[in-house]
Structures are given as C-alpha cells and as structure tokens.
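# What the coordinates show
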Amino acid sequence: MDGQQEGPRQGKAPAAADVETDFTARLARLPASRLTGTLGPLVAVLSGLIRDLRLSPAEFRATLDYLTEVGHYSDARRQEWVLLADALGLSALVEDLATPRPASATPNTVAGPFYRPDAPERANGTTISLDGKGVPLQVSGRVTALDGSPVAAAMVEVWQASGQGRYENQEPDHQPENNLRGRFRADGQGRFAFASVMPGGYALPSDGPVGRLMAALGLCLERPAHIHFRVSAPGHERLTTQIFDRAHPAIGRDAVFGVKSELLADFRAVPSPGGQERRALDVTLVLCPQRQG
C-alpha cells in the first residue's frame, strides 16, 4: 500500500461546486429570518455569476477594490453607494416594486444622492434661491388625495440643482448653505408655492468611481432638468418624486431611469414687465392612502 486512502475523508473541504450548497445548509440551521432568507439566494446568484463568468482571482480582487473605493467616496455630503445604485437602475427598480401606485397617483421616484433631511422650513411663497443666480421661476403646487380632495397641512420638501446643474452640497464653497432647498407646509386647500430659479440639467459626478465606470462603459451621465419633491401627510403614503422639464434635450436619456411620462411638465415662459426671462411651473402631487397591515 502506498498510504493513500480510497473514498471520501472525514472533514474534507467542499468542492467549489458545493460551496453555495454548504452555505445554504449552514443558514438552514439558523433561526429563520428575513436576513437568512435573503442572504441564501444572494450568495447563490453571486456564486452562479462567478462560475458563469469564470471570474479570475485578479478580477475578483479588482471588483472588491472598486467597491471599497465607492465606500471611500461616500461621506455626509456625498453618497457614492446611492449614486451607484441609481446609475445601475437598481434604485428605480426597488422603488417601482416597493411603491406600486394607481394610474391616478403621482409616481414615486428615487430621492437621489443629494437629498438632505435637514432643509429649513420656509413660509409659503418665499424663495429657496438664496443667491438669486439664474432665471427666475415661480412654482405653484397643490397636494391632493386620489379623489381630488385637498390634503391640508401636507409637508412638502423641495430640492433642486442650480442653473449650472449643481446642488449646494456638491459645491459648499460656492453656494450658500441650504441653497435651493426648503420645506413648505401646504395650506387648508393643499396649496403651496415658492420662488426659485430654473434648474439646469447636469451629468452624474464624473470624478468618482461611479462616473468613471459609466464613462468606461460609454453610458450617458446626463440627467434632464428637474425639481425634487417629497410630500408627507398623516393617513397617506409618503411620496418622493421628481418633476421634469419636458423641453430639456436630455429628457429621453436620463442616466438614473427616473423619467416617467406622468412627471413631465411645462416650465412655461411668463410675461415680465422689464422683458427679463421668467418661468412658471404648476404641479399637482397626488398621494395614495396609507396601506393597512
């Protein structure tokens, strides 16, 4: 005998093909939870992808390095992980699946990486443009229920890019704190209003790992001009959405898949005594009742 043993040995490591099966078996011995029920299928999908692509150790390491870089670019002012999910269309998919809405309701969209929950509350009719730079825009809105009745006292959060397509938390040294942001309390008829400036279209940040990935793929980084709205009211589902300038040239190639036909609007020109360019936007935001259970 040469000392070799026939057949399987006790404690033998699982073959590569059995790794995900072994991991699933380990999870099965744990108390059932949403986490264990999610992680098992996720590992199975990732394992199948690695096998199908025959991912090399160097490629696997490069993937981990890329994801690490995404984390390093994320901080209190910039959320590169959100940007990555948006650019891959994952955020839009999650929103569509999580917030199905009837045709008469305003569609939900992603909040995006530039939302801030600490924007100040402002009086109805006042301006969110703290530096006054850009083409003046007057926004008049109304919040309603599905049956068209007004939703009184709804809280309406708004945020947008400047005329140059930059959010204030992208360039804190060039825009006032909380520029082009605010929260407004709708009146008894669900109405709200504020002054602003025309938002500019913009491209996703190209200086970080997400922008470089999209550029390497040759995918569009452009976003058409829009204003973000988030509306909260007791008894109704919270709505997070965007209203897009129908006339913007990038309206058909939004980099984060947010454009829906119901969200297109006319930022119409209005007369001005001095001949200065001015715009106006009228918007109705329709909420769904809070789901039970």
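The rules behind these values
Residues numbered from 1 in each chain as written. Predicted model: local features only at pLDDT ≥ 70, side-chain atom pairs only at ≥ 80, totals over all residues. Heavy atoms only, no water. Buried < 20%, exposed > 50% of the residue type's maximum accessible area, 1.4 Å probe, protein only. Helix = DSSP H or I, 4+ residues; strand = E, 2+ residues; numbered from the N terminus. Pairing = 2+ DSSP bridges. Contact = heavy atoms within 4.5 Å. pLDDT = per-residue confidence, 0-100. Lys, Arg positive; Asp, Glu negative; His and termini not counted. Salt bridge = Lys/Arg side-chain N within 4 Å of Asp/Glu carboxyl O. Phe/Tyr/Trp six-rings, centres within 6.5 Å; stacked < 30°, edge-to-face > 60°. Lys NZ or Arg CZ within 6 Å of the ring centre and 35° of its normal.

## What to know about the pairing of strand β4 (residues 191–197)
Counting buried residues in β4 gives six out of seven residues, a clear majority hidden from the surface. In this structure, strand β1 (residues 136–144) lies alongside β4, joined through seven bridges in antiparallel fashion. Bridge pairing links Gly141 to Phe192 in β4.

## Considering the environment of Ala255
Tracing the chain through its elements places Ala255 in the loop between β8 (239–245) and β9 (264–265). Between the C-alpha atom of Ala255 and that of Gly71, which follows or precedes it by 184 residues, the distance is 21 Å. Once residues lying within four places of it in the same chain are set aside, the contact partners of Ala255 are Asp86, Ala87, Leu204, Cys220, Leu221 and Glu222.

## Some points on the confidence of the model for the protein chain
Note that predicted coordinates carrying low pLDDT should not be read in detail. Residues of the protein chain with pLDDT of at least 70 account for 94%, and the chain-wide mean is 91. Confidence drops under a pLDDT of 50 for residues 1–9, and excluding neighbours within four residues, the segment shows zero contacts in the predicted structure.

## A closer look at the sheet that holds strand β2 (residues 155–160)
Strands pair in a sheet through their backbones, by hydrogen bonds, and they do so in one of two ways: parallel or antiparallel. With mixed pairing, five strands are arranged side by side in an open sheet as β3-β2-β7-β8-β9. Because the sheet does not close on itself, it has two edges, and the strands there are β3 (181–185) and β9. Relative to β3, β2 is paired through five bridges, and the arrangement is antiparallel. Each bridged residue has a counterpart across the sheet, and for Met155 the counterpart in β3 is Arg185.

## Some thoughts on the side chain of Asp245
Looking at the secondary structure, you find Asp245 in strand β8. Comment: no salt bridge for buried Asp245; closest opposite-charge side chain is Arg279, at 5.2 Å. Every residue in contact with Asp245, bar those within four places of it in the chain, is listed here: Met198, Ala225, Ile251, Ala265 and Phe267.

## Here we look at the sheet that holds β1
With mixed pairing, four strands are arranged side by side in an open sheet as β4-β1-β11-β10. Of all the strands in the sheet, just β4 and β10 (268–269) have a single pairing partner and so form its edges. Of the pairings in the sheet, the one linking β1 to strand β11 (residues 279–286) comprises eight bridges and is parallel in character. Within the sheet, the bridge partner assigned to Gln138 lies in β11 and is Ala280.

## Brief notes about helix α6 (residues 209–217)
Along α6, the residues classified as buried are Pro209, Val210, Gly211 and Met214. Once α6 finishes, Gly218 follows within two positions and takes phi at roughly 80°, a positive value.

## Topic: the environment of Leu39
Topologically, Leu39 is positioned in helix α2 (residues 34–53). Residue classification places Leu39 among the partly exposed residues on the basis of a relative accessible area of 32%. Expressed as a C-alpha distance, the spacing of Leu39 and Leu27, which sit 12 residues apart in the sequence, is 8.6 Å. With sequence-adjacent residues up to four places away left out, Leu39 is seen in contact with Phe23 and Leu27.

## Focus on the packing of aromatic side chains
Within the structure shown, the criterion is met by five aromatic pairs. Considering the side-chain rings of Tyr115 and Trp159, the 4.7 Å spacing of their centres and the 55° angle between planes classify their relative orientation as tilted. With Tyr115 in the loop between α5 (90–98) and β1 and Trp159 in strand β2, this residue pair connects regions lying 44 residues apart in the sequence. Residue Tyr115 is classed as partly exposed on the basis of its relative accessible area, which comes to 21%. Relative to Phe194, the ring of Phe184 has its centre 5.2 Å away and its plane inclined at 15°; by these criteria the two rings are stacked. Placement of the pair is Phe184 in strand β3 and Phe194 in strand β4, with a sequence separation of 10 residues. Members of the aromatic cluster, connected to one another through ring pairs, are Phe114, Tyr167 and Tyr202. The side chain of Arg230 reaches across the aromatic face of Tyr115, ending 4.4 Å from its centre.

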